Amino acid sequence: LHGFIQSVTSRVTKEQCLDLPPKVFSVRRAAMEGEQAKVYRDIKKDAVANIQRAKSEGTLTVKNVLQESLRLLQITGGFFSADDGEIHELKEKCKVNALADVLDEIGDKQVVVWCAFRPEVTWLAKWLEKNYGRVAILTGGITGDERTTAIEDFKRGDARFFLGTAAAGGTGINGLSVSDTEIYYSRDFNFA
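The text that follows walks through the structure, step by step, so that each part is easy to find.

Definitions and limits used
Each chain has its residues counted from 1, following the order in which its sequence is written. Thresholds applied to this predicted model are a pLDDT of at least 70 for local features of residues and 80 or more for the giving and counting of side-chain atom pairs; totals over whole chains, interfaces and linings are not thresholded and use all residues. Derived side-chain values reflect all non-hydrogen atoms in the structure, with water molecules and hydrogen atoms excluded from consideration. Helix and strand definitions follow DSSP, with helices as H or I runs of at least four residues and strands as E runs of at least two, each counted in order from the N terminus. Relative accessibility decides the category of a residue: with a 1.4 Å probe and only protein chains considered, values under 20% of the type maximum give buried, values over 50% give exposed, and everything between is partly exposed. In what follows, residue pairs with any heavy atoms lying within 4.5 Å of each other are defined as contacts. Residues counted as positive are Lys and Arg, residues counted as negative are Asp and Glu, and His and the chain ends are not counted. One atom stands in for each charge, and that atom is NZ of Lys, CZ of Arg, CG of Asp or CD of Glu. We call two N or O atoms a polar contact when they sit within 3.5 Å, provided that within protein one can donate a hydrogen and the other can accept it, with sequence-adjacent residues counted only if both atoms are side-chain atoms. A carboxyl oxygen of Asp or Glu within 4 Å of a side-chain nitrogen of Lys or Arg is what we treat as a salt bridge. What we call a nonpolar core is a set of buried Ala, Val, Leu, Ile, Met, Phe, Trp, Tyr and Cys residues that are connected through their side-chain atoms within 4.5 Å. Throughout, an axis means a line fitted to C-alpha atoms (over the contacting stretch in the case of helices), and angles, computed between N-to-C directions, take values from 0 to 180 degrees. Each angle is binned into one of four classes, with values under 35 degrees roughly parallel, values over 145 roughly antiparallel, values of 65 to 115 roughly perpendicular, and all other values oblique. Charged residues are taken to be Asp, Glu, Lys and Arg, nonpolar residues to be Ala, Val, Leu, Ile, Met, Phe, Trp, Tyr, Cys and Pro, and polar residues to be all remaining types, Gly included.

1. A short note on the overall build of the protein chain
A count of helices and strands for the protein chain gives 7 helices and 6 strands. Listed by position from the N terminus, the elements making up the protein chain come as α-α-α-β-β-α-β-α-β-α-β-α-β. Taken over the C-alpha atoms alone, the protein chain extends approximately 60 × 45 × 35 Å along its principal axes. Going through the 192 residues of the protein chain one by one, you find that 35% of them count as buried. For the protein chain, the share of sequence-separated contacts (at least 6 apart) that also reach a separation of at least 24 residues comes to 70%. Across the protein chain, the 26 positively charged side chains and the 27 negatively charged ones have centroids separated by 4 Å.

2. Details of the environment of Glu105
Tracing the backbone shows Glu105 in helix α4 (residues 94–106). As a C-alpha pair, Glu105 and Gly133 span 28 residues in sequence and 15 Å in three-dimensional space. A distance of 2.8 Å separates a polar atom in the side chain of Glu105 from a polar atom in the side chain of Arg28.

3. Some words on the pattern of salt bridges
Per the counting criterion, the structure on display carries 9 salt bridges. Between Asp153 and Arg134 there is a salt bridge, and its shortest N-O distance comes to 3.1 Å. With Asp153 in helix α6 (residues 144–156) and Arg134 in the loop between α5 (118–131) and β4 (135–138), this residue pair connects regions lying 19 residues apart in the sequence. Residue classification places Asp153 among the buried positions, given a relative accessible area of 10%. Measuring nitrogen to oxygen at the nearest pair gives 3.4 Å for the salt bridge that ties Lys155 to Glu152. With a gap of 3 residues between them, Lys155 and Glu152 both fall in helix α6, about one helical turn apart. The class for Lys155 is partly exposed, based on a relative accessible area of 38%.

4. Topic: the nonpolar core
Residues Leu103, Val113, Leu124, Trp127, Leu128 and Leu163 are the most contacted members of the largest nonpolar core, which totals 18 residues. Where this core is concerned, the elements lending two or more residues are α4, β3 (111–115), α5 and β5 (161–165). Excluding residues within four positions of it along the chain, Trp127 makes contact with Val96, Leu99, Ala100, Leu103 and Tyr132. Residues Leu138, Ala150, Ile151 and Ala159 belong to the second largest nonpolar core, which totals 9 residues.

5. Some words on the packing of helix α2 (residues 34–57) against helix α3 (residues 62–76)
At a minimum axis separation of 10 Å, α2 and α3 run at an interaxial angle of 180°. It follows that α2 is roughly antiparallel to α3 by the angle criterion. Along the contact surface, α2 presents Gln36, Val39, Tyr40, Ile43, Lys44, Ala47, Asn50, Ile51 and Ala54, while α3 presents Asn64, Val65, Glu68, Arg71, Leu72, Ile75 and Thr76. Taken together, the residues that form the contact of α2 with α3 break down as 9 nonpolar, 4 polar and 3 charged.

Listed below in structure tokens is the structure:
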């Protein structure tokens, strides 16, 4: 199989492609305020207590810590999951202004935007459509045909934004190369 694949493919490293510009990373910071900051502080206090209790009981696992960390990460995107599993939207979303600044700086380019959670994608798609342009969406909840349509819409320029969860589309997608800008609106703890 390896020999067959080598006969029909070629590999070129970045160093061999002299025309590629260097990657530019820009980190933006956004401060939570109001209800968002209060909810974050309250859930953080609960998270620390839950982790300390699990540690003292000898039941602390990576899963416990990750679960508490993901709850806090949701809040930074403007949503949180209650103990009963219901998702609540916060009025404040600290990252939206930072995203707007980035989009204003880069102009009318096509942009790929990754989120960690579906509620962020749903809300952000409406916000982007209202303020900036058409959005193609990719989450784990869409069909294969919808996935193909979203990618093709973005490739043709029918959608200015390709918006999705990194878990659903972070690897194995061809066709997003029409964009030279990728934004991680929120990042989960899977760094693949």
